[in-house]
Amino acid sequence: MKFSYQWLSELVEDLDIDAKEVSRRITLHTAESEGVEVHGALLKGACPATVLTVEAIPNSHNVKAEVETELYGKKTLACGAPNCRAGLRTMYVPLGVKRVSGVDSDGMLASAAELGINSDHDGIIELEGELGLEADSIIEIDNKSLTHRPDLWGHYGMARELAAILDKPLVDPVSMELLPVGAPVQPVVIEEFGLCPRYSAQVFEGVTVGESPWWMQYRLGSIGLNSISNIVDVTNWVLAELPQPTHAFDADKIQGKIIVRRAKQGERLLALNGEEYELSADDLVIADEAGALAIAGVIGGKASAIGPDTKRIVFESANFNASAIRKTSSRLKLRTDASMRFEKAQDPHNTLRAIARAAELLEMVCPEIVAVGGPTDVCAELKPMPVIHLSLPWLYRKLGRELPKSQVIGILERLAFGVVDQGEALEVTVPSWRATKDVSIPDDLVEEIGRTVGYATIDPVAPAMPVVPPPVNEERRFYNQLRSVATQQGFHEVYNYSFLSEAQAAKLGVPVEAHIKVLNPIASDQSLMRTTLLHGVLKNFEDNLKNFDQFRFFEIGKEIHKQPEGLPKEVAHLAAGFYSSGGDGAEGLRELERLARAFAPTMRFQPAAEARPFEHPLRSVELYLDTMLLGRIFEFHPNWVEGRAAVLDLNLGPLACMLAGIPKKYQPIRRFPSSEFDLSVLTPARTFSSEVEKALRSSASNAVEQIQFVREFTLPDGQRSLSFRVTVANQERTLTQDEITAERDGMIAAIRHAGFELR
Amino acid sequence: MIAEVEALAEGALARIHAAVNLDEMEAVRVEVLGRKGSLAEFGKRMGKLSAEERVAAGKALNGAKTSLEAAFDLKKTAFETAALDARLAGEWLDLTIPPQGIVPGSLHPLTQIQNEIESLFFSMGFTILDGPEVETEFYNFDALNIPPDHPARDMQDTFWLEGGHLLRTHTSPVQIRGMQRLGPPLRMIAPGRVFRNEEVDPSHEHTFYQLEGMMVDRDVSIANLLYFMKTLLSGIFKRDVTVRLRPGFFPFVEPGFELDIQCMVCGGEGCPVCKHSGWVELLPCGLVHPNVLRSGGINPDEYGGFAFGLGLTRLVMMRYLIDDIRWLQSGDLRFLKQF
Ligand SMILES: [Zn+2]
C-alpha cells in the first residue's frame, strides 16, 4: 500500500518531519515501511514555458524549438512532440545540454506522463493557468503488516497513526454537513444482513463524465491508481483516503430496486475488466430487478458501468462480510482494491462518511452535479462498541515498565479510544474502525500503548525464575551421538527433501499408493512424501559421483508412513552412503558395517533373504540388535548406480530405545588366566561365516568368553576355510586341560552337525 | 696358579677389547666366565691347595672375575649403544607426508547452528522439544488463533496432504504440543523442518528450518522477552548485539513484534546489506495470545508468556554468507565439505 506524503501532510496538522522520517516512525510504531520513492521527480525545478518558434530539423521527426521559460530565460531545445507549436504554454524541465538531432538541446518539454500526472505520452502537456503540482514522496508500506488493520488501508487511518505518534492534531477530510439531505431515492433491499450489514446509496444527476483535474490524476497516479474518469476517480479517492470502497452505477441502467443477494448458482456477470465470471450461491451480488449488476465488494459489472453518456449515477457505499468477500475473491482469483479492503473487515460506520466526502469531491470534478434527495441507508443493527477493562498494574507488568497514567490516557485518546478513568483501571471504548476484528481484549491495548510510547523505551529485564535443569531430549542427544560417530568415520552430513516424484518412487519399486500425496505440489516431481530416505541417497550418489571418485555421506531424516487414521507415522532413519568409482565394492560395505557397529557394538549381520531389484543380487545384509530387525546394508545394483555404491539404512526409533535399555555393567577383572584355541572350519563355497559362528555358539558353554573370526581363505576347489579363535575362562579358577578339550570337542561336534568339516 | 689366573685374565681382557661384535664377546664370556669356563676350572682346582694358597688363589680368582665382568658389561653397553645408534640412524622418516586414512566428515551447517542454539537455551533452562512435520489444521492454525477465514492463512502457502493433513508451515504447533505436554510454567524450544508452498529460487525454499521458542510463567513481560532475545543473539553472534522491537502482526501473539538487530556489517550506519536502514529484520516474536494459551490448556488469567520463531536457514546463510539457499539441501559434497 502506497501513501502519499503530500496527502498525509494535508491530514496531519503541522507535519514537520520529512517523508523518510515518516517512514521510519511508521516502521517503529505502526507497520513496516519498505521505503520512500519520489513521484513526479521531473517536477523538481520544472517551470511553465511558452514556445516561441518551431523549426523543422531535416531528416528528423524532432523539431527545434525556442522557448521562453518562466525561471531560466530563453532556451533552445529539440522536441519530438507532435503538438509542439508556437504559442503553446507547456512545462519546461532543466536537464542540462544534450546533443539531439544536431541541436544542442538545453532541457526538455515534458508530457503529462513524464510529470507523473497520468499515462498521456502523446504530446507535451498543454497548460492553462498554473500546474500547481510538486514532486511527492511515496511511502510504501508492506501489505502483510496491514492485514489486521482495516483502517490503515487509507490515508486518513495512517494520518491518525502519525498524529498519535507525533502528538499533532488530526484533520478529518470529511464534513458530514456536506452529506446530501432529503428523502432517499434509490430503493435498496438487503437479503442477508450477515453478508451485508449496511448498504448506503446516493443518487446524483447532472453528471458530465470527463477527465478529472490534474491534481486528482496526479495524486491517484502517485499511489498507483490509474485515472479513469472524473466520477471513477472520486470513488478511488475515497477508497484511498477513508478507506471506504465505493462504486458508481449508471442510474439509468438500473431497473427498479437494488437488491443485495447471493448469486444464483451459475449466474454470469461480465465484469468491468472485460472478464465474464460464473458465480455460485456463495458469492454475493449487487443486483437490480433484472439481474446482477456487480460482484459485491469485488468488481462492478460492465452493463451498469458509467460511460461518456452517463447523466445520473447511483453512488454505492456499502459494507460487506469480510470472509465472504475473501472467499469470492480467492475463488475467482480476482483481487481488487475494493476486495483487499473489504476482506480486512471494514467499518460499517464509514458508509455515510464516504458519501459526504464523495459529494464534496464530485462537485469539484463535475461542477454541475446535483444530489437527488438524501442517501438511502439500509443497515443491520450494528454492534455496540466493545468496552475493555484495562488494569493499569497489569498493563505495566505486561510492558515491563511503568508509565504515567496521563500518558496512557493520552495515547489511547489520540488513537480515538474512549477512556473513562477508574483509578487503578481504565474503561476503554474501542473506536468502530478498530472494533471489527482488530481490538477486543486488554492484550490488544498493551500493543496500542507499547508501540505508541515506543518499545525502545522498555529496558531488558531478566525474569525471576527458578533454576531447574530442564529435562533432556534423549532422542536428539542420541541422534547427535550418531552424527558425531559418523563424522569421525569420514561421513559428511546431507539434508535431503521430504518430497519425491512418482518416477522416483517407481525407481525403487515403492508403489505410488504407499505414499502420502501432496494435493498441491509445486511441481509434479514433488508430489509424494518420502517413505524411505533411499531416494535422496540415490540422488546424492548420482550428483556427487560427477565430482568425486570416492565419498561418504549420511542423513538423519524422517520417513513418513500412511496410517489408516490420524497423523502419519514419522520414523527417524539414518541413511549412509559410501561410493567408490572402482574396486570390488567390499571396502564400502565393510566400512558401513563398521559404522553400524560403531553405533551399536552388538549389531548382528544376517544375510538378507532376498535382494531387492535395485540391490546387488548377492550383497545385502540385514542388521539385528537382539532379535529386532533395524536396518540393512547393501550395494546398489550397477544398473542403478555406476561404480560401487554401498548403503546403510538404519531405523533409529527402536535403536534409540534399545541402546538406552542396555545398561552398562562392570565385570570384575578375571583373576585366573584364560585359554585359547583355534578352529579352522572347511565349508562349501559361499557359506556365510555367521552360519559357522552360529554353529560354534550353539555348543558354547558359559566358559566361552569370546568367539572371534580370525581369517578366511578360499581353496582352489572353491571351498572356504574360516578360522575362529575361541577364548575360554572361569571366574573362580584356571580351567583344566580336560575342560578345555571338552569345550573344543563340543564345538567340533557342532560344526560337523551343521554340515561342515574341520580343516 | 695365581700367575696362571692372571695370565688367563689378561688374555681374556685383551680378547674382550678386541671383540668386534656382541657374539664374539659372548663367546669369550662363555669360555672364561661360563659355568664350565676356564675360571670355573680354576675354581675346581682350588680344593687341592693349602688353606693359605687357597685364600690367595680365591682372591686372584675373584679379582679376575670381577674385572672381566666389568670389562664385559662395559663393552656390552658400548655395543648396545652402537647398535641402537645404528638403528636410529637408519630410521629417517618423512613426517611431512600428509597422513593417510579417513579424514573426518562434517556436520551439516544447519545441524551445527541448531546444536549451538540448543545448548545455549538448554543452559538457560529451556527444554528441547520435537513435533511432527505432518500436522493437523488444528495445531498448525486453529490452536494458534488463526481461524479458517483469517487473512493470515494467506501469508502461509500451505502444502495440503491427502487425509486432510498438512505440512507444518512453521514450528509454532510445537507451542501447543509443548504446553499440553509440560504444563505451566515452562520454557521450551523446538527446532525443525517446515514447509511453504513457494517456488524455489536463490532466496526462497519450500523446505527450511525454524526454531520456535516459548516461555510461560506467572508474569512474563516485554522486558523479559527483550532480555532473552538479546542474550540469545549475543550468544549466536558471539558479540554484544543491539536489538529493537517494532510492531509485527502474527495472530498467535499479542502484542506481536518484529525483532531487528543493528546491522553488523555497517554498525547501523547504513549499507546495502541492511538496505541502508541500519537494521536487519531477524525474527518475529511477541507475548503469547491468550487464545493460544487456552489452546494449550493454560489459563491466561494466571499465566502469560512470550514466544519467538527464529529462521535457522536464514541464520546459516547470514553466518556463512551463502548466496543461494538451494545449496543447503543439494546434498552436494563440494558445498558440505566446507563446514
Ligand atoms: Zn548495514
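Model, not experiment: these values are computed from the prediction.

Some thoughts on the overall build of chain B
Working step 1: Per the secondary structure count, chain B includes 12 helices and 9 strands.
Working step 2: For 339 residues, the compact-globule formula gives about 20 Å, and the C-alpha radius of gyration of chain B, at 42 Å, lies well above that figure.
Working step 3: Within the span of chain B, comprising 339 residues, buried residues form 53% of the whole.
Working step 4: Considering only intrachain contacts with a sequence separation of at least 6, the fraction spanning at least 24 residues in chain B is 66%.
Working step 5: When the accessible surface of chain B is totalled, it reaches about 15,500 Å², and 55% of it is carbon and sulfur.
Working step 6: Here chain B carries 33 positive and 45 negative side-chain charges, and the mean point of each set is 9 Å from the other.

Examining the coordination of the zinc ion
Residue and element names in this part refer to chain B.
Working step 1: Within the protein, the atoms that donate to the zinc ion are Cys263 (SG), Cys266 (SG), Cys271 (SG) and Cys274 (SG), at distances of 2.2 to 2.3 Å.
Working step 2: Between the 4 donor atoms coordinating the zinc ion, the angles at the centre fall across 103 to 113 degrees, so the site counts as tetrahedral.
Working step 3: Sequence spacing among the residues donating to the zinc ion works out to C-x2-C-x4-C-x2-C.
Working step 4: According to the relative accessible area criterion, Cys266 is buried, its value standing at 17%.

Some points on the pattern of salt bridges
For side chains of opposite charge, pairing can occur when their charged atoms come near one another.
Working step 1: Under the definition given, this model contains 73 salt bridges over all chains.
Working step 2: The residue B:Glu118 makes a salt bridge to A:Arg476 at a minimum N-O spacing of 3.0 Å. With B:Glu118 in helix α5 (residues 109-123) and A:Arg476 in helix α12 (residues 474-488), this residue pair bridges two chains. Taken individually, B:Glu118 and A:Arg476 each receive the classification buried, so the pair is uniform in this respect.
Working step 3: A:Arg733 serves as the salt-bridge partner of A:Glu739, at 2.6 Å between the closest nitrogen and oxygen.
Working step 4: Overall, the relative accessible area of 30% leaves A:Glu739 in the partly exposed class.
Working step 5: Linked through salt bridges whose partners overlap, the residues forming this network are A:Arg149, A:Asp151, A:Glu161, A:Arg434, A:Asp438, A:Glu448 and A:Arg451.

Thoughts on the interface of chain B and chain A
Working step 1: On the chain A side, the residues contacting the 89 residues of chain B number 83 residues.
Working step 2: Here chain B and chain A share an interface that buries about 7,200 Å² over both sides, 58% of which is from carbon and sulfur atoms.
Working step 3: Summed over the three residues of chain B that lose the most area to chain A, namely B:Glu162, B:Pro247 and B:Leu333, the buried surface amounts to 9% of that side.
Working step 4: Counting across the chain B and chain A interface gives 5 salt bridges.
Working step 5: Across the pair A:Arg397 and B:Asp219 runs a salt bridge whose closest N-O atoms are separated by 2.9 Å.
Working step 6: Where chain B touches chain A, the interface holds 35 residue pairs in polar contact (both at pLDDT 80 or more).
Working step 7: Per-element accounting of the side of chain B that touches chain A gives the leading share, 7 residues, to helix α9 (residues 222-237) of chain B.
Working step 8: Counted by class, the side of chain B that touches chain A contains 39 nonpolar, 25 polar and 25 charged residues.

Focus: the layout of surface pockets
Working step 1: Looking at the second largest pocket, its volume works out to about 2,100 Å³.
Working step 2: Looking at the lining of the second largest pocket, the elements with two or more residues in it are α15 (586-599), β28 (604-607), β29 (615-625), β30 (628-636), α17 (689-699) and β33 (704-714) of chain A.

Some thoughts on the environment of A:Asn83
Residue and element names in this part refer to chain A.
Working step 1: Considering the arrangement of structural elements, one finds Asn83 in the loop between β5 (73-79) and β6 (89-100).
Working step 2: Residues Asn83 and Asp717 lie 634 residues apart in sequence; the distance between their C-alpha atoms is 105 Å.
Working step 3: Here Asn83 is in contact with Leu88, Gly123, Ile124 and Glu126, once residues within four sequence places are set aside.
Working step 4: Among the polar contacts listed, one links the side chain of Asn83 to the backbone oxygen of Ile124, at a separation of 2.7 Å.
Working step 5: Of the polar contacts made by the side chain of Asn83, one reaches the side chain of Glu126; its length is 3.0 Å.

A word on unusual backbone geometry
Working step 1: In this structure, the amide linkage connecting A:Leu242 to the following residue, A:Pro243, adopts the cis form with an omega of -5 degrees.
Working step 2: Structurally, A:Pro243 can be placed in the loop between α5 (230-241) and β11 (246-250).
Working step 3: B:Glu254 connects to B:Pro255 through a cis peptide bond whose omega is -5 degrees.
Working step 4: Within the secondary structure, B:Pro255 sits in strand β7 (residues 253-262).
Working step 5: The phi dihedral of A:Asp167 is positive, around 55 degrees, even though this residue is not glycine.
Working step 6: Inspection of the secondary structure assignment puts A:Asp167 in the loop between α3 (155-166) and β9 (188-190).

Remarks on the pairing of strand β4 (residues 186-195) of chain B
Residue and element names in this part refer to chain B.
Working step 1: Counting buried positions along β4 gives 10 out of 10 residues, so the element sits mostly inside the fold.
Working step 2: Of the strand pairs in this sheet, strand β1 (residues 127-128) and β4 are connected by 2 bridges, and their pairing is parallel. The residue of β4 that forms the bridge with Thr127 is Met188.
Working step 3: Bridge count between β4 and strand β5 (residues 207-217): 10 bridges; the pairing is antiparallel. When the sheet's bridge partners are listed, Arg187 is paired in β5 with Met215.

Some thoughts on empty space enclosed by the protein
By rolling a water-sized probe across the atoms, one finds the places where empty space is left.
Working step 1: Inspection of the entire model under this criterion finds 2 cavities of 30 Å³ or more.
Working step 2: Of the voids in this model, the largest cavity is the one considered here, and its volume is about 50 Å³.
Working step 3: Every residue along the wall of the largest cavity is listed here: A:Thr30, A:His148, A:Arg149, A:Arg434, A:Asp438, A:Glu447, A:Glu448, A:Arg451 and B:Pro247.
Working step 4: Per-element tally for the lining of the largest cavity: the top contributor is helix α11 (residues 442-453) of chain A, with 3 residues.
Working step 5: Here the second largest cavity defines a volume of roughly 40 Å³.

With respect to the environment of A:Leu630
All names here are of chain A.
Working step 1: Along the polypeptide, Leu630 turns up in strand β30.
Working step 2: On a C-alpha basis, the gap between Leu630 and Leu269 in space is 63 Å, while along the polypeptide they are 361 residues apart.
Working step 3: When sequence neighbours within four positions are dropped, the list of residues in contact with Leu630 reads Leu623, Leu625, Asp649, Leu650, Asn651, Pro654 and Leu655.

As for the packing of aromatic side chains
Working step 1: Inspection of every chain in the model, using the stated rule, returns 32 aromatic pairs over all chains.
Working step 2: With centroids separated by 4.6 Å and ring planes inclined at 85 degrees, the aromatic side chains of A:Tyr455 and B:Phe257 adopt a geometry described as edge-to-face. Taken as a pair, A:Tyr455 in the loop between α11 and α12 and B:Phe257 in strand β7 lie in two separate chains rather than in one.
Working step 3: For A:Tyr455, a relative accessible area of 3% corresponds to the buried category.

Some points on the sheet that holds strand β22 (residues 425-429) of chain A
Residue and element names in this part refer to chain A.
Working step 1: The 3 strands are arranged β20-β22-β21 in an open sheet whose pairing can be described as antiparallel. Either end of the sheet is taken by a strand with one partner, and the two such strands are β20 (387-391) and β21 (418-421). The sheet shows a mean angle of 25 degrees between the axes of neighbouring strands, direction not considered.
Working step 2: Note that β20 and β22 share 5 bridges and pair antiparallel. Directly across from Ile388, in β22, lies its bridge partner Val428.
Working step 3: Contacts between α11 and the sheet are confined to β20 and β22, with β20 contributing the most and set at about 70 degrees to the helix.

Overview of the nonpolar core
Working step 1: Counting 94 residues, the largest nonpolar core has A:Leu412, A:Phe541, A:Phe636, B:Ile117, B:Leu233 and B:Leu259 as the members making the most contacts within it.
Working step 2: Looking at this core, the element that brings in the most residues is α9(B), giving 10 residues.
Working step 3: Not counting chain neighbours up to four residues away, the residues in contact with A:Phe541 comprise A:Phe551, A:Phe553, A:Gly577, A:Phe578, A:Tyr579, A:Phe636, A:Val641, A:Ala645, A:Ala646 and A:Val647.
Working step 4: In terms of nonpolar packing, the next biggest core, distinct from the first, is built from 56 residues, A:Leu15, A:Leu146, A:Leu152 and A:Ile231 among them.

Basis of the calculations
- Residues numbered from 1 in each chain as written.
- Chains lettered and ligands numbered in written order.
- Predicted model: local features only at pLDDT ≥ 70, side-chain atom pairs only at ≥ 80, totals over all residues.
- Heavy atoms only, no water.
- Helix = DSSP H or I, 4+ residues; strand = E, 2+ residues; numbered from the N terminus.
- Rg over C-alpha atoms; globule rule 2.2 N^0.38 Å.
- Buried < 20%, exposed > 50% of the residue type's maximum accessible area, 1.4 Å probe, protein only.
- Contact = heavy atoms within 4.5 Å.
- Areas by Shrake-Rupley, 256 points an atom, 1.4 Å probe, with all protein chains shown as cover.
- Lys, Arg positive; Asp, Glu negative; His and termini not counted.
- Charge placed at Lys NZ, Arg CZ, Asp CG, Glu CD.
- Donors = N, O, S within 2.8 Å, 3.2 Å for Na, K, Ca; no water.
- Tetrahedral: all angles 85-135°; square planar, octahedral: opposite > 155°, others 65-115°.
- Salt bridge = Lys/Arg side-chain N within 4 Å of Asp/Glu carboxyl O.
- Buried area = accessible area lost by both parts, 1.4 Å probe.
- Polar contact = N/O pair within 3.5 Å; in protein donor to acceptor, adjacent residues only side chain to side chain.
- Nonpolar A, V, L, I, M, F, W, Y, C, P; charged D, E, K, R; others polar.
- 1 Å grid on protein atoms, 1.4 Å probe; cavity = no way out; pocket = protein on both sides within 12 Å on 5 of 7 lines; lining within 4 Å.
- Points joined across faces, edges and corners; volume = space filled by probe spheres on them.
- Pairing = 2+ DSSP bridges.
- Phe/Tyr/Trp six-rings, centres within 6.5 Å; stacked < 30°, edge-to-face > 60°.
- Axes fitted to C-alpha atoms, helices over the stretch in contact; angles between N-to-C directions.
- Core = buried A, V, L, I, M, F, W, Y, C linked by side-chain atoms within 4.5 Å.

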